[in-house]
Structure formats: structure tokens, C-alpha cells
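Per-entry structural report
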Amino acid sequence: MSLPDLKHYEALSVEAGSVVRQESAWQRVRGNGAVRFGAVALAVLLAVAFAAPWLGTVDPSLFDAGSRDLLPGASGEITTLEGETIRHTFLMGSDSYGRDIYSRVIYGTRVSLAVGTCAALVALAFGIALGLTSGYLRWLDGVLMRIMDGVMAIPAILIAIALVAAWRGSLPTVIIAIAVPEIPRVTRLVRSLVLTIREEPYVEAALALGTPTWKIMLSHILPNTVAPLVVQGTFICASGILVEAILSFLGVGLPPDIPTWGNIMAEGRVQFIEFPHNVFFPGIFLAVTVLAVNILGDGLRDTLDPKMAKRV
Amino acid sequence: MTGGPVLEVRNLSIALPPGGDRKEAAAQVSFRVGRGEIVCLVGESGSGKSVIAQGIMGLLPRTLGVTGGAALLEGEDTTRASPERLRQLRATRMSMIFQEPMTALNPVMSCGQQLDEVLVYHTSLPEAERRAKILAILREVMLPDPERMVASYPHQLSGGQRQRIMIAMALVLEPALLIADEPTTALDVTTQAQILKLIAELQARHGTGVLFITHDFGVVAEIAHRVAVLRLGQLVELGARDEVLKRPRHDYTRMLIGSVPRLEPHVRAADATAPVVLETQQLCKTYVDRSWFGKRRDVVAARDVNLSVRRGQTLGIVGESGSGKSTVARCIVRLIDPSAGQIRVHGEEIARKGRRELKSFRRRVQIVFQDPYRSLNPRRTVGEAIMEGPLNYGVARLEAHERARRLMALVRMDPGALERYPHQFSGGQRQRICIARALAMEPELLIADEAVSALDVSVQAQVLQLLEEIRTRFNLAMLFITHDLRVAAQICDHVAVMSQGGVVEYGPAEEVFLRPRHEYTRALFAAAPGRDFAFASA
Amino acid sequence: MYAFLARRLLATIPVLAIVAVLVFLMLRLTPGDPAAILAGDAANTEQIAQIRAGLGLDRPIVVQFGIWAGKLLSGDLGESFYYKQQVTALIAQRIEPTLSLAALTIVIAVLVSVPLGVLAAWRFGSAFDRLLMGFSVMGFSVPVFVLAYILIWLVSLKLGWLPVQGYQRLADGFWPYLRHLLLPSITLSIVYVALIARVTRASVLESLGEDYIRTARAKGLPEARVLVRHALANAAVPIVTVIGIGIALLIGGVVVTESVYAIPGLGRLTVDAVLARDFPTIQGLILFFSFVYVLINLLVDLSYVLLDPRIRY
């Protein structure tokens, strides 16, 4: 029995009339409101961090005993490195040493963004390596996952505190201390991605076409992990900025001579009741930065990888 | 109860949100369902049939809205009823059952509780009477041991049993209208037959009007009194079953019915001298469940499977879910390793070979999978997908590209579309791309693992015709795996029927279909809906 | 079900063992002489030598771990060099404030966040939903201590309703106890509420998209019943899970909150110990917190048996 000649009726087929989505993922991302807002806010902050010396600041470590505890907007004197005394408007007031809070906050942007980004990159790098290993070398998987469970069982702040206490605070130490507790989550994410993507028919098809394992990892698995990892990275960055601030606030973060928002707040907390500006200005900057990164992350997740919302 | 129709849909229009295919999901649709009558609403995906059902019940999602017309349930317009009135009407005057019995029941409530809910919120019966009513309806839907059913949870029951519970919930208060939205699509053929019979019986006994939504013409032939055909939201044909199925008037209906494969096997002279491309002997696959607690449970997925396929011929493996047919296919392509037995491709034994040695074998056997939406990497162009195979075997890039272009033309697609991404193509088009990808390797054996099961009837017909053309042109051997008896009848020369891991019947298609010997095969064919019906030929 | 329970219980043991190993290693990874570090800055060579012998630092590392683990299993967490007391005694002294703070926080957080999350999911896309999500993101973004200062400034300094700092023991009267705990608990619960509300909303939303909700509505059930008995009941497992996981956040928050509000609890002890580089105490506290966290999550997992019949049978 031969099939009826269907060319005549192809135009009537259900697929002839349907419009298939032509928009790519990138276009969806660009159109998302949260992504736009977060990206713009971050761009502004990056600009601020970059342009710090030209935004009416002075060297953040400069101080003047005569300009202590000035209120925001007050004008006073400050001693430069060469020994000169110049007049300067303390836009955000000064702290108990006579340092300009405004300058310290602006320069603090650099540190916070740097710490957040580096911590995210470190955590991602290790997490990807461990996750891929775990997903592909099944015999190693059990052991690795138990270790990850163990690390996750210790509250992140405690790990960070302990590591900084053991090694003494410095920029690399703090970055590693923030990254380490985040590594298990990234590892689990990559591992679960590897395991699910491997089950996808298109990976099976690649196997049937004779594609070697390394090529499958590179061409099929890795590109499909980029989106969730970018989202995760954004959240780690936000978390990293927060943790750095908390560590500094508790006194176990970066050394006090480096201006970070946490350090500024730590020093200012003693006089909080009379001079709240010490805590509020850096606090606002901190909140806005982390908020921007979080909103960006939310937007990226909603457009790139909606399934991720279920993964706690 | 008056003598008018149970349901009268008059010029019903339901709008779609802006930016979609078209403005309306349903456009001025009118039909009636009388007392004791089964009306089948047929259409392919996107035809609007489910939307109409939801509109009648008042269950439309927030993005869709009724923009015109009426749905009169015993004279009352449900599209204009208040939410409270709709709640009162549901389950008492109109009920709905859905497609996926797996997910349609609340997993954390017992079946008895879910049935009881209907009675608690619509009647004021005391507990003893409710329980009596529940047990009675469970017996009526022919569930064994109603007392145990009441206490059990959905995950403890089979698909067929869950669907019976759904039917029980729908009919316990004896509504005038039952809307069934593809209730048997997710069930096995034999279970489907039982459920269809049940619905027909209950409906006849209680005089319920049934609006049965389906895309399967076999089902329509089996139970419909009248048929309504929908296309892209418009009603194109309406009439008695025999009229519509044997003498369709609209072009679209004629095309659809012409696309439905017949259950009579085609007879083609099989060349017994053609070389044997594939041969399996005592092929076995056992999954070992190695858990720390509990006994070691071995699941035998395939047992002693013996098959052979000659050049230029198609062998079909037919079976229900869990029969092991996909396992066999995967073993042959060596995506999984067989536990025992031999597989020979052109005489060369491949069941024991390691990954590296398999490379030369891979180009001779290719596979097309079931789900066109997951068979292509969303992040690579279709050109890359088709070229991947040849590139793996050292073919120069330029030549691989040329080959890809030729293949796209062969599968009747625009060769210029190689630069596009999978999401820019429809399901049927993607499946054709997958076929092109398989052919790029110039295989000798092509395996189609439920390759047309996820496609609409009209698209399915096109893809089947394409496969036939390819088979003839390249003189390929083909292994076609399906659960759909009609599809198997249409294109297979030989048929193997599998059940629970073993081959229960094996022979030329004509023999197996017309003179089945094993009782499972006979039961399978007996269950095929509309098997005795002579559809119109195109 | 029993297989599930047994598996969960047994899975806890390797995790606890690994935590012990990690904590042990954290100290050994420091640059410098562990004995000198442990002895504290004010010790002399004799004391250092004593400690070295006591810890067996000249023995192979596996043996060292064995000795340390042995002490651990018998409940000996070592002696704090800063406070000159047994670490276990220190913990016992300061556990009440921390426990009170944590308990009150959890109660407030769960009672507030779950209903809010359910409502937001029900009214998906509405102004209320957007507001709640906005609030939730802010709750994540503002660090606990900044929130604390804002609240102190507003409630204690400007409005004078609650005390600024300090802790009153329960034995000294219920009302003052509560008054001093209220502001810190509210501060800490904000982060927790943000997290739980978010997950509740996401879970209930997912639940509402499932087929059984459509069936429930098709049966003509009232919306409240659909929301609670069908949607929320199925969303319970992820929600309870996140409450358990959130305890880690809670512990971190406790450390900071006690610091700001001058509450003499375990969090405060942790900060003081770190500043004083009092390693035995740091180790002991990390072990204690981790064990508590693992235990709570074990209880959460065991509760699945009650929530999901698929695990029971």
C-alpha cells in the first residue's frame, strides 16, 4: 500500500501555520527589566570605582587631628602626604581619626567589587573542576560528595572566620576564605548539570555519531552549563561582598588600613549613637551594591535558566 | 431534566494573549452534545480543543479570555456565571477528566480523601453515606478491592487504576456532562481499550453527555457518535461519525484521515536473498539494583532477543511501555552495554567491543530518537549538528558542509537554513533534521526509536513517507520501534512483538497482523481502537 | 520507610566525621607552630613544650587526629587559653541567650514568611507579589548589622520602645527577657523571612502549576481548600528543607547580631575567641555549631516521612 501523496496537503498541515520562536536567549536577556536595572547600577558603580581619584576625593588614609568627628557637609582641614594642610569639604563627615568618610567609601567600592568578583571566580573555577570530575569519574563521586556535604555542614561565616583567623587577614586570604564555603554549592550544581545533560538525547546522539568524550564535554555539556553558572556566579559575588563586610565589621577581615565598607563601619560603630553617619553611608553603598548584583542575578536566572529557581 | 441538549456551544470565541500565532485560540465554534451522546472533538496540537473544554468549565488560565459566544450547560451560560456558581456546577452538573493520570491526582492525599472531598463540598451527606457512595462508585468503575483503594495513595496505583479513580471522582455526583480531555493518550493500548469501554458503559448507563477530546482517529472510530473537527481554532467539520470518517467533506479533514495509517499490513515482496545487515542472538540486558539496604533487585529489561534485518527491509519492534523495545535499540547502537548475547552487524560481532573499537562500527548504525525537542543541542546550529558525525571521521569541513546541504534538500528542507538554531524550527522539521544527521554518516542500518510518536498525525505521515523514500533510495535496513500498531502496519516488512523483555511473536508483517499466534499479540490487536473501521482513503 | 530512615541516619555519620577532619585540618594548616598558636601569645617555652607533648605533635598526623578525635568522642573539647576554662563549660554558660535568640527568630520568621509566600504565589504578578519579592531581595542584600543599626536607630533611639542592647536572663523575669530579645530577633528574622518567603512562593507557585490543582478546581472545591490542602501540602517538603538549610544563615547571623546587640551568647564568644586567637574555643564552637546544624537537618529529613506518603510506603 502506498502512502497518499501528501505534498498537496502540506500547506494544510498543522505546522504550516505555526510561528516558531525566533528570539534567541541573548535577546531575551537584554530585554529583561531586572537585568537592565542591575547592569546599569553595576556599570555606575564600576565607573565610580574606576574614577575614584577624580571624584573629589583625597587619599583615604589621610587624616587630620583637627577634623575629627565632623558632620556630613562640614568643611575642615586635612593634612596631605607632603605635609601640606588643605581645606576640604567632608561630604559624608569624618571619623574619629579625622579621615574623610566620603573618600574612604568611594575607594571602598574598589575593594568590595574586587573581592566579590574574585571570590566568585575562584569559587566557580574550583567548583567547575570538582563538579566535572564528580560527574564523570563515578568512583570519585561518592567521596567528593561526602566531603562537600561536610564543608556545607559548617556554616559559611564560621569557615571564613576560622580561615582568616588561622592565616591572618590579607586580600588573598579573605578572597579564599569567602570562596571556600561557596565551592560545594557550585560543585553540586555542576555535577547535577553534568548528570542531567548526559541523559539528554542530543548527547546520546553525539555518542552515536562517534564523538569522543572530551569533545562531548566541550561542545555539548559545557556550553549548556554556562547560563546557570553565570547566574550562580552573580549570587556568589553578592554574597562575597556581604561576607567581606561582615568579616571586616567583626574585626577579622582586611587590615584596617585598607578602606572597605566593613572596616569603616567597624571603626564607626563605637560612636554610632552620636555620629551615625559613620555607619550609614558605607551601609547604604553596601546595600545598594549588593542589591544591584542580586537583582541582576535574579533577572539573569529568570531569562537564562528558569529551572534554577527550584534548586535551593 | 429537560429534553434539550446537555451542552450547547454557540459561536464561542476565546482570545489568545498578544504576540502569539494568531489572535484567537477558538473562533466562533458551535456544536451540541445531547443527552447520552458522545461527541468527539478532534484536532492536532494548537487546534484549540483543550482551550474550549477549559472555557466551558471556567478553568481558563488568566491569560486567556472568552470574548464572545456562549456555552450553555443545560441552558445556563457557564461563560457568564459567577465564580461561586461555577464552583457549584463543577462535579455536580459538569465534570472533567484529564490526560495524565500520573500527575492529575494529589500525591499527598489518599484516594479516598480525594473522592470524599467532592462529596463534602457539594453535599451535606453524613460520613457513613458518603463512604457508601464512594465504595459504590469504585465498584462501578471496576476497581478491585474498593476498601483498599480508599486507603491507598496515588503512587501505589497503576496508570489505568488512577484514571479510573479520576472517572470515579468525576461521575460520583452524576453530572449531566463529562468532558474527557485526551484521557487515554498517556495509557498503554490495552489499558486504553479498557478505559474507553468503561467510559462508554458508564455513559450509556447514566445517560451522561460526553465531550471527548482526542487526536487519535482510532479512538474516534471506536466510541464517537458524532465528530467535530477543529483546525487552528475553527470548526471545519461536524457530523455523524460515519459521515465524517468515511465521507469527509473539508480538505483538511480529508487530509487528516488520509494521514491515519491503516491497520492492514502492506504487502511488499521481501527479498530473501538480500544480505543480513543486523543479527542479534540471545540478547539480554539486566539492570542490577545495588542498594545498601533491602535485597538486590535485578530488573530484566530484555531477555533472549533474537532478531535479524536484511538490506532494504524494515523490521518493526512493537510493544507497550516496559516491554524492552527501547532497551534493545540502545543495546544495538551500543549506547548501553548488553549483559549477554551477541550482536552482529554484517557478520561483525560488536556486543563485546570496547568504546574505542566501536568507532568504526558507529558509522554503520545510526539512530533517530523520539523527542525532537531534546534531540538537538540548543546551543549549536543545525548545520553543526549534521556535520558533527562526518567531521568525527576525518571528512574535510568543506565537504561535510556540502553533504549537509544535500541532506537538507533530501529531507525537503531549505539548505540555506543550516545557520539557524533548533529553536527556530517546529517539531516535525527538527525530526527531519535528526534524520539528515543520521544519514550524514551513510549508515547501513537506521534505527527509529519511536521517531514519529511525538508528532501530530499530519506531520507524522510526512515523516513516515520520508523514511520510506530514504529506505528505498539508499537501500537501507531499518529497525522501527513503536507502540503504535497502525504505524507498524504501514511501513514494516517484518514485525517482532515484545512483552516484558521477551519477543513473543516474530514474523512477516502479514502473518503477525492477520494471523497472530501468541495470546498477547491477539490481545494487543484486539485492543487497538477502531481496528474494524474502514476510514476514507485519500 | 525504614530503609529511608536508616539510610538518613547512617549518612549523617560520615558527614560528622568529615567535619571533624576539616576542623582538625584548619588548625594544622596555619603557618607557624600549632603548639605556640594554641598556647597563646603569652605562653613561655615550657608551656609550649607541654602542649606539644600533650597534643602529640611529634607523632604522625594520623595519630594526632586519633588522639584529638578520641578526646572529642568523650566530650572533651579542650581548654580555652584565653578564658582558662574548659570549652564545654564556656559553651554551657553561654548557650541560653543564643538558644533564646535563635528560637524566637525561627518562630517569628516561619509564622510571618510562610503565609506571605503562599499569598504571593496565589496572587502571582500582583502588586503584593512584587512588593514581597522586592522586600525579599532587599532582605538578602542588606547585611544584618546594617539592618540592626537602622532598627536600633529607629526603634530604640528615636522611638524609645525597646532597649538598645543587652540581655536579661529568663530567670530574672519574663518580660524584661522578652523586651531585650525582641529587637535582635526581629533583625535576625528579616533575612530568614526573605529566604523562606521566597522559597515558599516558588514552591507553592510550582505546586499551583501542577495538574492536580487543575483537578481540584475542576471538582469545584473552594479556593482556600485548594491552596492549603492541595498546593501548600505538596510544597511543604521544599519549604521545610529550606528552613533547615537556613539554619546555617541563622548561625552566621547570630554571630553578628550578638556582636551588635551585646548579647553574651555563643556568637559573641566566637568573635571574642577569634580576636584573641583562642584556637581551642574556635575549634570547639565550630564543631558544636556544625553538629547542631547537621542534627537539625537530619530532623528535617526525618520529617519528610510525615509530609510525603511516597516516602512512607
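Report follows, based on the coordinates. What you see is a predicted model; the values in this text were computed from it and never measured. (Residues numbered from 1 in each chain as written. Chains lettered and ligands numbered in written order. Predicted model: local features only at pLDDT ≥ 70, side-chain atom pairs only at ≥ 80, totals over all residues. Heavy atoms only, no water.)

Let's talk about the overall build of chain A
The cut-off we apply is this: Numbering goes from the N terminus for both helices and strands, where a helix is a DSSP run of H or I of at least four residues and a strand is a run of E of at least two. Under the scheme applied here, a residue whose accessible area is under 20% of the maximum for its type counts as buried, over 50% as exposed, and between as partly exposed, the area being computed with a 1.4 Å probe on protein chains only. When checking whether two residues touch, look at their non-hydrogen atoms; a contact exists if any pair is within 4.5 Å. Values of accessible area rely on a 1.4 Å probe in the Shrake-Rupley scheme; residue burial ignores everything except the protein chains shown.
Within chain A, the regular secondary structure consists of 11 helices and 2 strands. In chain A, the succession of helices and strands from N to C terminus is α-α-β-β-α-α-α-α-α-α-α-α-α. Looking at chain A residue by residue over its 312 residues, the buried ones come to 56%. Look at the contacts in chain A between residues 6 or more apart in sequence, and 65% of them connect residues 24 or more apart. For chain A, the computed accessible surface area is about 13000 Å², with 66% contributed by carbon and sulfur atoms.

Quick notes on the pattern of salt bridges
This is how the line gets drawn: Salt bridges are counted wherever a side-chain nitrogen of Lys or Arg sits within 4 Å of a carboxyl oxygen of Asp or Glu.
Here the structure, examined in full by the defined rule, presents 49 salt bridges over all chains. Taking the shortest distance from any N to any O, the salt bridge between B:E450 and B:K325 comes out at 3.6 Å. Taken as a pair, B:E450 in the loop between strand 17 (445-449) and helix 17 (457-474) and B:K325 in helix 12 (residues 325-332) lie far apart in primary sequence, 125 residues in all. For B:E450, a relative accessible area of 7% puts it in the buried group. We classify B:K325 as buried; its relative accessible area is 6%. We note a salt bridge from B:E399 to B:R403, for which the minimum N-O separation is 3.7 Å. Of the two residues, B:E399 and B:R403 are both situated in helix 15 (residues 397-410); the distance of 4 residues between them amounts to about one turn of the helix. The structure contains a network of salt bridges with shared partners spanning A:D298, A:R301, A:D302 and C:R198.

A closer look at the pairing of strand 3 (residues 38-42) of chain B
All names here are of chain B. To keep it simple, the criterion reads: Pairs of strands are assigned from DSSP output, requiring at least two bridges between the strands.
Extensive coverage of strand 3 is indicated by the burial of 5 of its 5 residues. Side-chain alternation along strand 3 places I38, C40 and V42 on one buried face and V39 and L41 on a second face that is also buried. Across 5 bridges, the pairing between strand 3 and strand 8 (residues 209-214) is parallel. What sits directly across from L41, in strand 8, is I213.

Describing the environment of B:E74
All names here are of chain B. Applicable threshold: Polar contact is defined as a pair of N or O atoms within 3.5 Å, subject to the rule that within protein one atom must be able to donate a hydrogen and the other to accept it, and that residues adjacent in sequence are counted only when both atoms are side-chain atoms.
Considering the arrangement of structural elements, one finds E74 in the loop between strand 4 (65-73) and strand 5 (76-77). With 362 residues separating them in the primary sequence, E74 and A436 have C-alpha atoms 54 Å apart. Within polar-contact distance, the side chain of E74 engages the side chain of R93 at 3.0 Å.

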